[in-house]
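Commentary on secondary and tertiary structure
Chain by chain, the residues run as shown.
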Amino acid sequence: MSKDPAAKTAGQRPAPSARIIAISNQKGGEGKTTTAVNLAASLAAYEKKVLLIDLDPQGNASSAVGYSRGEIKIGTYELLLGGVELKDVVQPTELPTLQVVPASEDLAGAEIELVSVLSRESVLARAFKKAAPLTWDYVILDCPPSLGLLTLNALVAADSVLIPMQAKYFSLEGLGALTGTIGMVRDSLNARLAVEGIVFCMLDKRTNLSQQVVAEVKQHFAEHVFETVIPPNVRLSESPSHGKPVLLYDIESKGAKAYLELAQELLSRAEARSRP
Ligand code: ADP
Ligand code: MG
């Protein structure tokens, strides 16, 4: 594609630029990976071009789209620390418009190896810059359950952060720590980092405690809380072992419907933002 600015006036649209969303919460088991995989797949089902990047050395997002441990030859580690370009680590999935950068086994050592890299918190951002313009509509980053260098790289490279959380008492503490980190990243490393939203996962609306937690989060983050909530649904926990996002495993399940609804809500918020 021509980089000539005149190309625009000649009727060609400039190459689209992806919205990069980090799925983060330093607490484990809050629904990050389930959300990263199923939101990515649902956006792809709405014909968006989506790239899912697995930044968690556990590789759960990779296996949930069919790339199991041991068979991943090239992926996130090579992108961050192996000098390999983005286009060479991107791999296909069963959904035509969903691609993935899987977590290769060496990613386990990345947290430590990154420490000695120059500008170690912006390695991923530089990899994206080198690959620009990104031709996906959305790039979804599945973060590990910590606020280490991998998560920091995600927050520095991202346009926004989407926070999945359970409606439990200790989940509130996690949210406080994360918002502190987001503030720090905004002040020093990535001023454009927005909050895409907070989504409640595995939410049982019937319990008092979960209602209290939801109310408390809404008090602090009102407009950021997604109206869509993800209910507890066994299909969501089964589908990863089949190497499939839930919509390819059981499209009729409550879990599949909830993530399609979340994608829809995210898309309509994006549309509202782009209106003058
Ligand atoms: P994280 O990535 O934050 O550690 P996961 O997405 O891996 O969290 O979720 C933790 C566990 O809970 C996984 O076993 C997952 O299958 C399960 N799980 C996540 N969301 C749901 C849900 N809505 N209903 C049932 N099980 C879920
Ligand atoms: Mg995870």
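Residues numbered from 1 in each chain as written. Chains lettered and ligands numbered in written order. Predicted model: local features only at pLDDT ≥ 70, side-chain atom pairs only at ≥ 80, totals over all residues. Heavy atoms only, no water.

**Observations regarding the overall build of the chain**
From N to C terminus, the chain includes twelve helices and seven strands. Rg of the C-alpha trace for the chain: 18 Å, near the compact-globule value of 19 Å for 276 residues, within the 12% margin. Seen along its three principal axes, the alpha-carbon backbone of the chain occupies a region of about 60 × 45 × 40 Å. Counting all 276 residues of the chain, 50% fall into the buried class. Within the chain, contacts between residues separated by at least 24 positions form 78% of all contacts whose residues are at least 6 apart in sequence. Accessible surface, the chain: about 13,100 Å² in total, of which carbon and sulfur atoms supply 53%. (Helix = DSSP H or I, 4+ residues; strand = E, 2+ residues; numbered from the N terminus. Rg over C-alpha atoms; globule rule 2.2 N^0.38 Å. Buried < 20%, exposed > 50% of the residue type's maximum accessible area, 1.4 Å probe, protein only. Contact = heavy atoms within 4.5 Å. Areas by Shrake-Rupley, 256 points an atom, 1.4 Å probe, with all protein chains shown as cover.)

**What about helix α8 (residues 169-188)?**
Taking 1.5 Å per residue, 20 residues should reach 28 Å; α8 reaches 30 Å between its end C-alpha atoms and fits that length. When α8 is considered as a whole, its buried residues turn out to be Ser-171, Gly-174, Leu-175, Leu-178, Thr-181, Ile-182 and Val-185. Buried positions in α8, seen along its axis, are confined to an arc of 130° and lie on one side of it. What points out from α8, more than 90 degrees from its buried face, is the exposed set Tyr-169 and Asp-187. Looking at the buried positions of α8, the neighbouring elements they touch are α7 (149-157), β6 (160-165), β7 (194-200) and α9 (208-221). (Expected span 1.5 Å × (residues − 1). Arc of directions from axis to C-beta.)

**Re the nonpolar core**
In a soluble, globular protein the nonpolar side chains are often hidden away together inside. One finds Leu-86, Phe-128, Val-139, Leu-141 and Phe-200 to be the most contacted residues of the largest nonpolar core, which totals 51 residues. A per-element tally of this core places α7 first, with seven residues. Apart from the residues within four sequence positions on either side, Val-139 is in contact with Ala-18, Arg-19, Ile-20, Ile-21, Leu-51, Ile-53, Phe-128 and Leu-134. (Core = buried A, V, L, I, M, F, W, Y, C linked by side-chain atoms within 4.5 Å.)

**Thoughts on the environment of Gly-82**
You can see Gly-82 is positioned in the loop between α4 (76-81) and β3 (91-92). Overall, the relative accessible area of 43% leaves Gly-82 in the partly exposed class.

**Looking at the pairing of strand β4 (residues 98-101)**
With four bridges joining them, strand β2 (residues 50-54) and β4 adopt parallel strand pairing. Paired with Leu-51 across the two strands is Gln-99, which belongs to β4. Here two bridges tie β3 to β4, and the two strands are oriented antiparallel to one another. By the bridge assignment, Gln-91 is partnered in β4 with Val-100. The loop that links β3 with its antiparallel partner β4 comprises five residues. (Pairing = 2+ DSSP bridges.)

**Remarks on the sheet that holds β7**
Pairing is mixed across the open sheet formed by seven strands, whose spatial order is β3-β4-β2-β5-β1-β6-β7. Here the strands that pair on one side only, and so sit at the sheet edges, are β3 and β7. Taken together, the five bridges between strand β1 (residues 19-23) and strand β5 (residues 138-142) define a ladder with parallel strand orientation. In the sheet register, Ile-20 faces β5, and the bridge partner there is Val-139. Packing of helix α2 (residues 32-45) onto the sheet brings it into contact with β1, β2, β4, β5, β6 and β7, and relative to β5 it is tilted by some 165°. Here helix α12 (residues 254-274) sits on the sheet in contact with β1, β5, β6 and β7, set at roughly 155° to β7. (Axes fitted to C-alpha atoms, helices over the stretch in contact; angles between N-to-C directions.)

**Considerations on a nonpolar patch on the surface**
Together, Tyr-169, Phe-170 and Leu-209 make up a nonpolar patch on the protein surface, roughly 350 Å² of accessible area in all. Residue placement: Leu-209 occurs in helix α9. (Patch = residues over 30% accessible without salt bridge, like charges linked within 9 Å, V, L, I, M, F, W, Y side chains within 5 Å. Salt bridge = Lys/Arg side-chain N within 4 Å of Asp/Glu carboxyl O.)

**Topic: the confidence of the model for the chain**
Per-residue pLDDT for the chain averages 92, and the proportion of residues at 70 or more is 94%. Contacts from residues 1-11, a stretch scored under 50 in pLDDT, to residues over four places away or in other chains number four contacts. (pLDDT = per-residue confidence, 0-100.)

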